[in-house]
Structures are given as C-alpha cells and as structure tokens.
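# Secondary and tertiary structure notes
Take a look at the letters that make up each chain.
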Amino acid sequence: MTGAVLLDLIHGCCPACTAASLLDESAPDPHVFLLCGTRFRDRKGFEGSCLSSCRSVHVLDSGSTAECLFRFKVTVDQLDLSSVRVLTSPQGQQVLLRYQQLLFTAVYTFDYQMVDTHTCPSCTGPAPTHSPVGGESEEEDEEEEVRRFLQQLPALRGEVTVLRSSLIPECFGHGFSTRSGGVSSIQTLSSLNLFSSRRRRDPEAVVMENRRRLALHAGFNHQELRLVKVNHASDVWVLGKAEPESYDAMVTNQMGVVLGAPGADCMPILFADPVLKVIAAAHAGWKGTLLGVATATVEAMVKEFGCCMSDIMVAVGPSVGVCCFTLERDQALDFSHIHPDCVPDPESARPHVNIRLANRVLLQRGGILSEHIHDDLMTEQPCVTPCTSCHPERFFSHRRDGPNFGTQVGFLWIKETEEQASPPTSETT
C-alpha cells in the first residue's frame, strides 16, 4: 500500500543515510518528503541521495518546523494518504512526536524507524543542539510555535460570517457560524471547522485557531466556549452541577461562559430568557428530536431557574431541511405521530422528514409561544435556518460530505452590563 515517507534531515541525519534506509525497506514508489529546513536547502536535487526511484519527492524547507509539518499534512491530505513512515534519529522522534500530537489525529498512523548513522561519514559529527529551521531554540514550546504559525495563515473561503436571530435580545451575544474564514484546508472541512474528532482529519490545534477567529469576530473569549458533548439523546447539563460524560443541552445563568451547540445537519438550537437572564443551547438530531431534547431544555430552564415559558425565545440554526433529509420508513413514521406534516411522503420507501417542524410542534406543546420560535417557518424575519445540505458553499453537511465532515456551531452568552463590567470606584473626601 502506497504511503508517505518522511525523511528527517534536521535531527542528526543526512540525505545519504536516510535514502539508503528508504530503499532498503520502503514499498515501491513511495511519496517522499524531505524535512530539511535550511540545513540542506542549498543542495540542489540532493545529489547522491538515491531518491530517483521514488514516485515523488517533496522538499519541506519552510521557515519553521511547524510550517514544514503543516505543509506536509496538507499535501498528505491532498494525496489522500494516512500512513506515514518516519526515518529519524532518537532525538528527532521525541520532537516529531510532539508535533504529531498537535497537527494530526488518530486517522493517521506513524511508524518511526531509527536511521543507522554510525557508518555514514556525513553523520559522524555531533548532532545539532538546536533546530536549524528558522533558528529556533531547543527549548521553544512546540505548542506555542504551532499556535503562532496558524494565527498568521490567511483565511480560506472569505472572512468569518455568522447568522443572527432578530428574536434574541441585545442583552445576549449569539450567532450561528458558517464555513468561511477559517484555516482548515481539507475540502470537506474547509474552512471554519469547529470540532475535532479522532475519526476526522482536522487536529485540535487547527480547530482551536478556527474557534479563536470566530470568537474574535463575534466578540467573546474563545477559551470560554463550551460545546455540548453530543449523545443524540435528551440529557441536559445545568452548569454548576456535576458534569455528565455526555449530554445534548446546557443551561446556565452564569455570565462569561459561552454555550455552544454543534451542527452539521443536526439542529443547533439557542434558548434565551431576557427577563431572568438564563440561556441554553441544545443539539437536536432526529434521535434527540424524538426523545424531546428541546422540551427537556426548556423544562430545565423552568425547573432550575424559574423561567416563564412565555418569556423564552428560541432560535433554530442551520440544519438539514425536509428537502434533503430522509429516513427508513419505520423511523420516519415516528415523526408522523408528532404531526402528519412532518412526513410529507409517508408512502415512500424512504420518506422525507421535517425535523425542524417536529421541534416546533413539540416546543409549542411544551408552552413556547409560536412567535417566539425563529426557524424556517418565520418568513417575515431574516433566515437563520437554511438547509445545510443545499448550500455547500456556506455550510457543512454530514449527509452531503460523508464521514470526514466539518461542523458549525450555534453559540450564546450573557453580556455584561456596563455596571457589571466596570470596577467600583472609591470615593475620596
């Protein structure tokens, strides 16, 4: 199976010995990457390195190790490779493992092999005491280096944009993200993917930079963003109580914390009570909808904080529409029990399902006023609930893009008033 081979020329190895190890053990026609920095940058063609039999040779000589390995990842993703063999020294393995944890996920497999440098005349000198890429010191924190590099990358697909509901009062900050303005380079994750998973190719460092850019645009502290730990059920966490292992909704009256609900076809739903200053965020897929996650969220607001149903405003974010969402017939018919209009073609082998309408019906039955629900049926207001599957240029979609899909979020926080934001002043006589 063809994979990638990374030859580490920075940490005590040279082209001659690494290429010899490559030819001894590699599969035919590997894609070879030379992590060389400035050390071998001037050696045109890497004469004598025996790389002519390789399918392709990529030279990684950017200004920092972080940039080199990020460019390496981008090319590996473009080639749809996930297996990487690394030829390095023991010192190099320690360093590269730290970068691997920052820039890669469990989708990729790394096989580290030590190069025998004892018989190579070019490697008999002492190993470098510092990384020759960009003049970095050995003690420089790799995490900080990666963070600084990602911050200077240009935004992809345009600038960050968010959708905002006219129902949510100004005493709250809120929005629904779109896919533009981030640094995720993989096509189905490009560009403002806001969730990292072991099963997808976007690492935590890239996602955190995307979150930082969203927060900067929206006006909140990205370190205060909390995303629900999706379980596709109806469990609600009230902040301040013990946090469950998984839940699909959060409720709080705390200022400073930003509640976030992810979505990529599933609905991010925001709840706000402007009277008692209580907020909530919920993730509602088709399973969570049937289990009543939206009404469970409202019930928690009422029970835990004394909210009045008639005061609660609800905004439903970008999600898959009835135009694009189908289920197996027995699953779809469960939605007919909520309301017949939730399944417009019940006789089909795989009927279409309107999960947005199902949530509206359940919320109204639970006591939320119809005019306090901002979804695709509220046509007199600017739309915040477009179909994610129908708009690939604006939104991520699991159904459309497959398992390596990106994620947008709905987010909400309680703004500080001027009195709360300003420290008290002492009077003098």
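A brief report on the enclosed structure follows. (Residues numbered from 1 in each chain as written. Predicted model: local features only at pLDDT ≥ 70, side-chain atom pairs only at ≥ 80, totals over all residues. Heavy atoms only, no water.)

The angle between the axes and the distance between the axes are what describe a pair of packed helices. The contact between helix α3 (residues 90-103) and helix α4 (residues 142-151) brings their axes to 10 Å, and the two run at 45 degrees. If you check the angle between α3 and α4, you find them oblique. For the element pair α3 and α4, the recorded crossing hand is right-handed. Touching Val95, Arg98, Tyr99, Leu102 and Leu103 of α3 are Glu142, Glu143, Glu145 and Val146, all from α4. For the contact of α3 with α4, the residue count by class is five nonpolar, no polar and four charged. (Axes fitted to C-alpha atoms, helices over the stretch in contact; angles between N-to-C directions. Helix = DSSP H or I, 4+ residues; strand = E, 2+ residues; numbered from the N terminus. Parallel < 35°, antiparallel > 145°, perpendicular 65-115°, else oblique. Left-handed = near helix turned anticlockwise from the far one by under 90°. Contact = heavy atoms within 4.5 Å. Nonpolar A, V, L, I, M, F, W, Y, C, P; charged D, E, K, R; others polar.)

With that settled, the discussion passes to the nonpolar core. For soluble globular proteins, the rule of thumb is that nonpolar side chains tend to be buried together. Core analysis: the largest hydrophobic core is formed by 36 residues, its most contacted members being Ile269, Phe271, Met301, Ile312, Val314, Phe335 and Leu363. For this core, the secondary structure elements donating two or more residues are β10 (249-252), β12 (267-273), β13 (278-284), α7 (293-305), β14 (313-316), α8 (329-336) and α9 (355-365). Ranked by residue count, the leading element in this core is α9, at six residues. Among the nonpolar cores identified, the runner-up in size contains 34 residues, and Leu60, Cys68, Val84 and Val183 belong to it. (Core = buried A, V, L, I, M, F, W, Y, C linked by side-chain atoms within 4.5 Å. Buried < 20%, exposed > 50% of the residue type's maximum accessible area, 1.4 Å probe, protein only.)

Moving on, we get to the environment of Gly256. Summarising the element assignment, Gly256 is placed in the loop between β10 and β11 (258-263). As a C-alpha pair, Gly256 and Ile414 span 158 residues in sequence and 6.9 Å in three-dimensional space. Those residues in contact with Gly256, other than ones at most four positions away along the chain, are Glu224 and Ile414.

What follows covers the packing of aromatic side chains. Taken as a whole and assessed by the stated rule, the structure comprises ten aromatic pairs. Between the aromatic rings of Phe110 and Tyr112, the centroid separation amounts to 6.2 Å while the plane-to-plane angle is 20 degrees, which identifies the pairing as stacked. Considered together, Phe110 and Tyr112 belong to a single accessibility category, that of buried residues. Each residue in the set Phe33, Phe72, Phe104, Tyr108, Phe110 and Tyr112 is aromatic and connected to the rest through ring pairs, giving one cluster. The ring of Phe405 carries the charged tip of Arg200 above its face, separated from the ring centre by 3.8 Å. (Phe/Tyr/Trp six-rings, centres within 6.5 Å; stacked < 30°, edge-to-face > 60°. Lys NZ or Arg CZ within 6 Å of the ring centre and 35° of its normal.)

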